[in-house]
Structure formats: C-alpha cells, structure tokens
Amino acid sequence: MACNASTTSIGSTTTGAHKRNSNDVGWEYGVIPDKSNMDRLKCTLCGKVFGGGIFRMKQHIAHMTGNVSSCPKSKKYDQLKCLNNINRGKLKKKAKKVHIKDLRVEVRQELDDSMDELENSLGSMAPNVIGPMDNFANIINHEEIVKAEREKMLILTILP
Ligand SMILES: [Zn+2]
C-alpha cells in the first residue's frame, strides 16, 4: 500500500460534528439514520429507532428494561456482550470510589500509629481517640446529608 506523506494533521478532527465513541460495543448494533440528530439510533437487528444514545442501545440489546423496550432479535450472545459492557462501566466507577476509601484508611492508619506512639510514652493515661462522641457526630452528619438531599429533590420537583 502506498503511503502519502502529506502532513495535514492539524485541524483535521473537528468539523463541528458530534464524534461518536467508536470503541463502544453498542455501535455494533446501532447506526445513526439521521445525521442531524446524533442521539437517535437505529437498531441494526430489529430496525427500531429511538433516542437516548448508545447507552440506551446497549440496554435495548441487553434486554435491560426500564428505559427502552427489549430487542426481539438480539441473541443471548449479543445480550451478554452488551450487559457485560454496561456492568464493566459500573464497576469502573465503583473501583474509583474504593480507591479513595483505601487512601482514607491509609491516612487513618498513620494517625493511629502516631497515637500508639503517644500512648506508649504516656502509659495507659491517653484516652481512646475514637470515642462514642465521634460515632454520634457521624450519625448527625449522615442525617443532615439525607435531609439536604431531600430538600434538593423537593426543589427539583417544584421546578418545571
Ligand atoms: Zn433491536
């Protein structure tokens, strides 16, 4: 294959069009029938057209009900493929949260270590760092967060 050594790499990517994520497994089952509405996808298996983007297409193929009707033509293999992809996305988000938690535990551990040293030098006189007051404070914080969330929800339902 001949290779043209023309250097036109600058400004070749953005033409104003919405760039789809071509790595997504959903694109194996969906096409965009109308370029003016990139959010509308057509299922290549059953021909159904619906909005909501590639994520909804995967739900359609994977028979995940709730947002979209299930694809009558998708095979078990197709369903699992899309289901795995959706679940993997969820796991990735979870993994990030766990990582942050781990960091916190590490910091806590360092604090505990230094408190141990202090305790050793003071003998048994040092009080326990994590007392019942701390637990109590945590409960209050939690309740306040729930309350704040509820108020947010209320505002959302009042707004048009
Ligand atoms: Zn379909």
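Residues numbered from 1 in each chain as written. Predicted model: local features only at pLDDT ≥ 70, side-chain atom pairs only at ≥ 80, totals over all residues.

Here we come to the overall build of the protein. Looking only at helices and strands, one finds 3 helices and 3 strands in the protein. Expressed as a percentage of the 160 residues in the protein, the buried residues total 9%. Nonlocal contacts in the protein, meaning residues at least 24 apart in sequence, comprise 33% of its contacts between residues at least 6 apart. (Helix = DSSP H or I, 4+ residues; strand = E, 2+ residues; numbered from the N terminus. Buried ≥ 20, exposed ≤ 12 C-beta atoms within 10 Å, placed from the backbone. Contact = placed C-beta atoms within 7 Å.)

Turning our attention to unusual backbone geometry. Of note, the phi angle at H63 is positive, near 60°, even though the residue is not glycine. Within the fold, H63 resides in the loop between helix 1 (53–62) and helix 2 (76–122). Take H63: there are 17 C-beta atoms within 10 Å of it, and that puts it in the partly exposed class.

Next up on the list: the sheet that holds strand 1 (residues 30–31). Strand order across the open sheet formed by 3 strands is 1-2-3, with antiparallel pairing between neighbours. Only two strands of the sheet have a single neighbouring strand rather than two, namely strand 1 and strand 3 (49–50). In the sheet, strand 1 pairs with strand 2 (residues 41–43) via 2 bridges, with the strands oriented antiparallel. Across the sheet, residue V31 finds its bridge partner in strand 2, namely K42. The sheet contacts of helix 1 involve strand 1, strand 2 and strand 3, and relative to strand 2 the element is tilted by about 20°. (Pairing = 2+ DSSP bridges. Axes fitted to C-alpha atoms, helices over the stretch in contact; angles between N-to-C directions.)

Tracing the chain through its elements places N37 in the loop between strand 1 and strand 2. Residues N37 and G51, 14 residues apart in the sequence, show an inter-C-alpha distance of 8.9 Å.

What follows deals with the nonpolar core. Core analysis: the largest hydrophobic core is formed by 8 residues, namely Y29, L41, C43, M57, I61, A62, C71 and C82. The leading source of residues in this core is helix 1, at 3 residues. If we ignore the near neighbours within four places in the chain, the residues touching L41 are G30, V31, I32, F50, I54 and M57. (Core = buried A, V, L, I, M, F, W, Y, C linked by C-beta atoms within 7 Å.)

When pLDDT is averaged across the protein, the result is 76; 68% of the residues are at 70 or more. Helix 3 (residues 132–158) is the least confidently modelled element of the protein, averaging 66 in pLDDT, while strand 2 averages 96, the highest of any element. Confidence over residues 5–19 falls short of pLDDT 50; this stretch has 1 contact with residues more than four positions distant or in other chains. (pLDDT = per-residue confidence, 0-100.)

Here the focus is helix 1. For helix 1, the complete set of buried residues consists of M57, K58, Q59, H60, I61 and A62. Count one or two residues on from helix 1 and you reach H63, which has phi positive near 60°.

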